[in-house]
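Breakdown of the fold
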Amino acid sequence: MPQDNPTAPMDDREPVFQARIDRDEKIEPKDWMPEKYRRTMIRQISQHAHSEVIGMQPEGNWITRAPSLRRKAVLLAKVQDEAGHGLYLYSAAETLGATREDMIADLQSGKAKYSSIFNYPTLTWADIGAIGWLVDGAAIMNQVMLCRTSYGPYARGMVRICKEESFHQRQGYEIMLTLSRGSDQQKAMAQDALNRYWWPSLMMFGPRDDDSPNTQQSMKWRIKRQTNDELRQRFVDQTVPQAEYLGLTVPDPDLHWNKEREHYDFGEIDWDEFWQVVKGNGPCNRQRIAHHVAAHEEGEWVREAALAYQARKASAEEAA
Ligand code: FAQ
């Protein structure tokens, strides 16, 4: 096969690679791939992993203050799941030649991004409901598409992650349902959480297609199967009826059903806010990275002990 022949001229390998993509074949770690494809995959998968890991912080903030033992056990399990997702994703990026050390260094230096949504604070218990419902809801919308992405290890990781995310989304919606059927004060808390998390959730899908530098090439390589705006529209269409069922109001005066398009029209996202958060100037960016750096430093001895154990085991096996 020309794509596996390292001496084949570049001009031959690129069209063969694209033809494999067009036939919906999965690209596997040892297959030839254009250097730009490899770099794009490492960028996206590592940023996705960072999002899962940094995403543990806003919810972790409420584990000690969950309102009941049941809520606490569920939240603990959810936050642990996010750590697991981060680990699958770092492993998927490693199959492309990235090292864990470099990926963590890029996160901590600000070179690599993570999802803007995790730079907003969790001020009340209702925010835990809003995150499960809206943030996991938006994440699933994107990740269901990624189950069919062209890079094999990423696509397979996504299948497993999506199963857990749908449980996360339901637990968040159940918190919102309980609050919205509760006292006036509880209903007001749920509405306040929706007011603060609605627009940042829409921003999770990334810039408008016209302003997205990566979408066109990523669609051609079937890394993305739907564009940022297509997924954002699907999310709005799915979520507005859920808000209505809760008896809550989506904080967008321009939101209305468009009969001709058979979709909701919605208002303009504050793109200045989005880019400020992406550039590191959101409400919690500095706090999130400082916390990650401290946890990483505190964990140094665990990494050292694991490596020492591995080395000892290897030398014992060699001696045997
Ligand atoms: N935040 O050209 P595009 C979760 C950056 S998982 C920050 O459109 P692309 C689970 C983008 O990286 C949530 N940066 O880029 C959970 C690029 O910069 P770069 C994470 C953003 O890659 C729930 C630049 O803007 N999910 O939540 C954002 O084609 C609860 C131009 O953008 C994933 O990562 C943003 N929102 O499309 C965990 C899914 N949007 O890298 C805990 C995988 C864009 O060139 C609790 N990723 N940027 O310097 C993707 O599908 C894509 O990477 C997109 C962006 C759609 C995020």
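Read on for a plain summary of the structure. Predicted model only: the values in this text are computed from it and were never measured.

Their axes nearest at 9 Å, the elements helix α7 (residues 152-180) and helix α10 (residues 228-246) cross at an angle of 35°. Of α10, the residues touching α7 (which contributes Gln169, Tyr173, Met176, Leu177 and Ser180) are Gln242, Tyr245 and Leu246. Per-class residue counts for the contact of α7 with α10 are five nonpolar, three polar and no charged.

With that settled, consider the site of the ligand. Lining the immediate surroundings of the ligand are 36 residues, of which Arg43, Lys113, Ser116, Ser212 and Lys224 lie closest. Take arginine 43: an N or O atom from its side chain is 2.8 Å from an oxygen atom of the ligand. One of the side-chain N or O atoms of asparagine 142 is found 3.0 Å from an oxygen atom in the ligand. Where the shell around the ligand is concerned, the elements lending two or more residues are α2 (35-54), α4 (69-94), α6 (126-146), α7 and α11 (271-281). Looking at the shell around the ligand, its residues break down into 14 nonpolar, 13 polar and nine charged.

A cluster of basic side chains, namely Lys36, Arg39, Arg43 and Lys113, defines a positive patch on the protein surface. Within the secondary structure, arginine 43 sits in helix α2. Looking at arginine 43, the relative accessible area reads 30%, which means it is partly exposed.

What counts and what doesn't
For every chain, the first residue of its written sequence is number 1, and the numbers climb from 1 along that sequence. The model is predicted, so local features are restricted to residues of pLDDT at least 70 and side-chain atom pairs to those at 80 or more, both for listing and for counting; the totals for chains, interfaces and linings are taken over all residues. Only hydrogens and water are removed before side-chain values are computed, so all heavy atoms of the structure are retained for them. What counts as an axis is a line fitted to C-alpha atoms, over the stretch in contact for a helix, and the angles between N-to-C directions run from 0 to 180 degrees. Each helix corresponds to a stretch of at least 4 residues labelled H or I by DSSP, and each strand to a stretch of at least 2 residues labelled E; elements are numbered beginning at the N terminus. Any two residues having at least one pair of non-hydrogen atoms within 4.5 Å are treated as being in contact. In this count, Pro and Cys sit with the nonpolar residues alongside Ala, Val, Leu, Ile, Met, Phe, Trp and Tyr, while Asp, Glu, Lys and Arg are called charged and the others, Gly among them, polar. Near residues are defined by distance, with any heavy atom within 4 Å of the molecule or strand qualifying the residue. In the analysis that follows, any N or O atom pair within 3.5 Å is treated as a polar contact, provided that within protein one partner can donate a hydrogen and the other can accept it, and provided that, for residues neighboring in sequence, both atoms belong to side chains. Patches draw on residues past 30% relative accessible area with no salt bridge. Two like charges within 9 Å are joined, as are two nonpolar side chains (Val, Leu, Ile, Met, Phe, Trp, Tyr) within 5 Å. Using a 1.4 Å probe, accessible areas were evaluated by the Shrake-Rupley method; residue-level cover was limited to the displayed protein chains. For this analysis, a salt bridge means a side-chain nitrogen from Lys or Arg found within 4 Å of a carboxyl oxygen belonging to Asp or Glu. We count Lys and Arg on the positive side and Asp and Glu on the negative side, and we leave His and both chain ends out. Every charge is mapped onto a representative atom, which is NZ of Lys, CZ of Arg, CG of Asp or CD of Glu. Each residue's exposure class comes from its accessible area (1.4 Å probe, protein chains only) as a fraction of the maximum for that residue type: buried when under 20%, exposed when over 50%, partly exposed otherwise.

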